[in-house]
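Residue strings, one per chain:
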Amino acid sequence: MNDSSFQTVPYKGERDSHAASLQEKTGEGLKERTAKGLLWGGFSNGVQQLLSLLFGIVLARLLSVEDYGMIGLLTIFSLIANSLQESGFTAALTNKKDLQARDYNAVFWFNILFSFALYAILFFSAPLIAGFYGVPELVSLSRYVFLGFFISSFGIVPNAFLFRNLMVKQKTLCSMVALVVSGCTGVTLAYLGFAYWGLATQTLAFISVQTAGYWYFSRWRPSLRIDFSPLVDMFGFSFRLLVTNVFNHVNNNLLSLVLGKFYSKHEVGLYNQAGKWSGMPQLSIIGMINGVAQPVLSSVTDEKERQLRIFRKMLRFASFLSFPVLFGLALIAAELIELTVGSKWLPCVPFLQLMCVSGAFVPLSGLYQQLVISKGKSDVFMWNIMASGLVLLGGVLLVRSWGMEAIVRTYVAVNVCWFPIWHHFAWKGGGFGIWRALSDVLPFALAAVLVMACTYSITFSIDHVFLRLAAKIVVAMLLYVCVMWMARVDELSEVLKYIRKKKNS
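Residues numbered from 1 in each chain as written. Predicted model: local features only at pLDDT ≥ 70, side-chain atom pairs only at ≥ 80, totals over all residues. Heavy atoms only, no water.

Comments concerning the packing of helix H15 (residues 362-374) against helix H18 (residues 419-426)
Note the threshold: Fitting a line to C-alpha atoms yields each axis, with helices limited to the stretch in contact; the angle taken between N-to-C directions then spans 0 to 180 degrees. Per the convention used, a helix needs a DSSP run of H or I reaching at least four residues, while a strand needs a run of E reaching at least two, with both numbered from the N terminus. Throughout, the term roughly parallel applies to angles under 35 degrees, roughly antiparallel to angles over 145, roughly perpendicular to angles from 65 to 115, and oblique to all others. Helix crossings fall into two classes, left-handed where the near helix is turned counterclockwise from the far one by less than a right angle and right-handed where it is turned clockwise. Contacts were defined at the residue level, with two residues in contact if any of their heavy atoms lie within 4.5 Å. For this classification, Asp, Glu, Lys and Arg are treated as charged, while Ala, Val, Leu, Ile, Met, Phe, Trp, Tyr, Cys and Pro are nonpolar and the rest, including Gly, are polar.
Relative to each other, H15 and H18 sit at 20°, their axes nearing to 10 Å. The angle between the axes of H15 and H18 places the two elements in the roughly parallel class. Note that H15 runs across H18; the crossing there is left-handed. Within the contact between the two elements, H15 uses Leu364, Ser365, Tyr368, Gln369, Leu371 and Val372 and H18 uses Phe419, Trp422, His423 and Ala426. Taken together, the residues that form the contact of H15 with H18 break down as seven nonpolar, three polar and no charged.

Following this line, the structure appears as structure tokens:
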């Protein structure tokens, strides 16, 4: 059997049509494509987070705080391994102008071989990880959990193909099917008494089904003609992203590592539950925007004024969603936790509320990161992430003796304060000053704070927890929409206009 039987590339010659499909679309064409991507990204991430919420509620009631703590201890290792196996090649494939099938093929086989070697290393390192935390059960659990990143290595290139070609709808279907299958698997195993093994199996099921979906929708197929030479051109860009992603995961999960070393599994479980709840809306907004930001911004790199206009619209849209959603979550945190996962999780509420403050800025910083990558400045991206990680590590170690709340406050402060630093490096010499950026962002933040304060005052006297939760949600939504309407905010009118247009069509 010859090599050609393993490769079907339905675009002309062997070249990807991404550059032409985006660069040929001007004006309304690119705007419509971006709007569709945002619509499907918003729908996808909204449904995904809703499904995650429903399954998470059931699992949190079936499992103990310590069960979540066991998985939380391993999170940072899995994420770093995932970054190493991906090696920044997804962004490199997305940004490469003259992409050929052999570029995909080289990345695919590199991911497979490297992931296998990395899993072998982690397999034999499992006793060291268990010894670091002083939890012997982690030996077998870590070897099982780490299978996930090896399985996901088969889906990295198909995912890059879908991402590069803005096939957001197809990625949505993959993720939703994977969530349903994995959620049912995790709930069933938890009900049968498998404890943290159920959570681990849920993760593996999600990765497996999602990877299979990427293969189904991707038109690219690998060839047995293995040639790693295309990696040379991508290595400089991808290596910096690799280092960046590793540090990014360390930054995001540093608290789990520190808490796991100096505190109990119970406290790690509380922090992870708070992170899970605050992360749901963040992931929804980030997924909606990042699904189109990098490809669209990359397509107009040579048109500086147009890129600035597109970026500012995305920045305002992210602010329009992020601040009311995250500040609103902080407002209803106590009632939401009590009614959904139970009173045993109420100690995580203060951490959740603090993390919502920094969480509101995460999608905005993420948009700046996508802009930096789209400009090919992976070195700027890398050094920024490394610097923020070192500052965060120093701050956390400095205050760890003061308790968990001091650690979380430090984490929040560093993440919020790094937003203007991202702006500086993303638009250095680009004619877009920090005050102009703040004029796009702060009105939404101040409106959200005002709305939440008014909502709290209005609903404070309601005694019944369910009625108080419902009242807070309804009042906050109505007040925020009214404020946006009276201020004649373009983002609200454009969302309503787009919905009406799709409904009529």
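Considerations on the pattern of salt bridges
Put simply, the test is: Salt bridges are defined by distance alone: a side-chain nitrogen of Lys or Arg within 4 Å of a carboxyl oxygen of Asp or Glu. A simple rule labels every residue: compare its accessible area, found with a 1.4 Å probe on the protein chains alone, to the largest value its type can have, and call it buried under 20%, exposed over 50%, or partly exposed in between.
Per the stated rule, a full pass over the model turns up five salt bridges. Arginine 312 serves as the salt-bridge partner of aspartate 440, at 2.8 Å between the closest nitrogen and oxygen. Here arginine 312 lies in helix H13 (residues 304-340) and aspartate 440 lies in helix H19 (residues 434-459), a separation of 128 residues in the sequence. For arginine 312, a relative accessible area of 17% gives the class buried. Taking the shortest distance from any N to any O, the salt bridge between glutamate 335 and arginine 468 comes out at 2.8 Å.

Some details on helix H9 (residues 168-191)
Going by this rule: Take the residue count of a helix, subtract one, and multiply by 1.5 Å to get its expected span.
Here H9 spans 34 Å end to end across 24 residues, near enough to the 34 Å set by a 1.5 Å rise per residue. Of the residues flanking the end of H9, it is glycine 193, one or two places downstream, whose phi is positive at about 95°.

Quick notes on unusual backbone geometry
Of all residues except glycine, most have a negative phi; of all peptide bonds, most are trans. For alanine 195, which is not glycine, the phi dihedral falls at a positive 50°. Looking at alanine 195, the relative accessible area reads 23%, which means it is partly exposed. One non-glycine residue, arginine 488, adopts positive backbone phi at about 55°. Mapped onto the elements of the fold, arginine 488 is located in the loop between helix H20 (465-486) and helix H21 (490-504).

Remarks on the environment of cysteine 348
Structurally, the position occupied by cysteine 348 is in the loop between H13 and helix H14 (349-359). The spacing of cysteine 348 and alanine 334 is 14 residues in sequence and 9.1 Å in space, taken between C-alpha atoms. Excluding residues that lie within four positions of it along the chain, cysteine 348 makes contacts with Leu270, Gln273, Ala274 and Ile337.

Focus on the packing of aromatic side chains
The test is simple: Aromatic rings from Phe, Tyr and Trp, taking only the six-membered ring of Trp, are treated as a pair when their centres fall within 6.5 Å; an angle between ring planes under 30 degrees marks them as stacked, one over 60 as edge-to-face, and anything in between as tilted. A ring has a charge above it when a Lys NZ or an Arg CZ is no more than 6 Å from the ring centre and no more than 35 degrees off the ring normal.
Applying the stated criterion across every chain yields a total of 28 aromatic pairs. Centre to centre, the rings of phenylalanine 311 and tyrosine 368 are 4.9 Å apart; their planes meet at 65°, and the pair counts as edge-to-face. Linking phenylalanine 311 in helix H13 with tyrosine 368 in helix H15, this pair joins segments that are 57 residues apart in sequence. Neither residue differs from the other here; phenylalanine 311 and tyrosine 368 are each classed as buried. Cluster of aromatic residues (ring-pair linked, three or more members): Tyr104, Phe108, Trp109, Phe116, Phe150, Phe154, Phe161, Trp215 and Trp220. Over the ring of phenylalanine 123 we find arginine 143; its NZ or CZ atom is 4.2 Å from the centre of that ring.

Topic: the packing of helix H8 (residues 156-164) against helix H10 (residues 196-217)
Viewed as axis vectors pointing N to C, H8 and H10 meet at an angle of 55°, and their least axial separation amounts to 8 Å. As far as their axial angle goes, H10 and H8 are oblique. Note on packing geometry: the crossing formed by H8 with H10 is left-handed. Facing H8, whose interface residues are Pro158, Asn159 and Leu162, H10 presents Tyr214, Trp215 and Phe217. For the contact of H8 with H10, the per-class residue count stands at five nonpolar, one polar and no charged.

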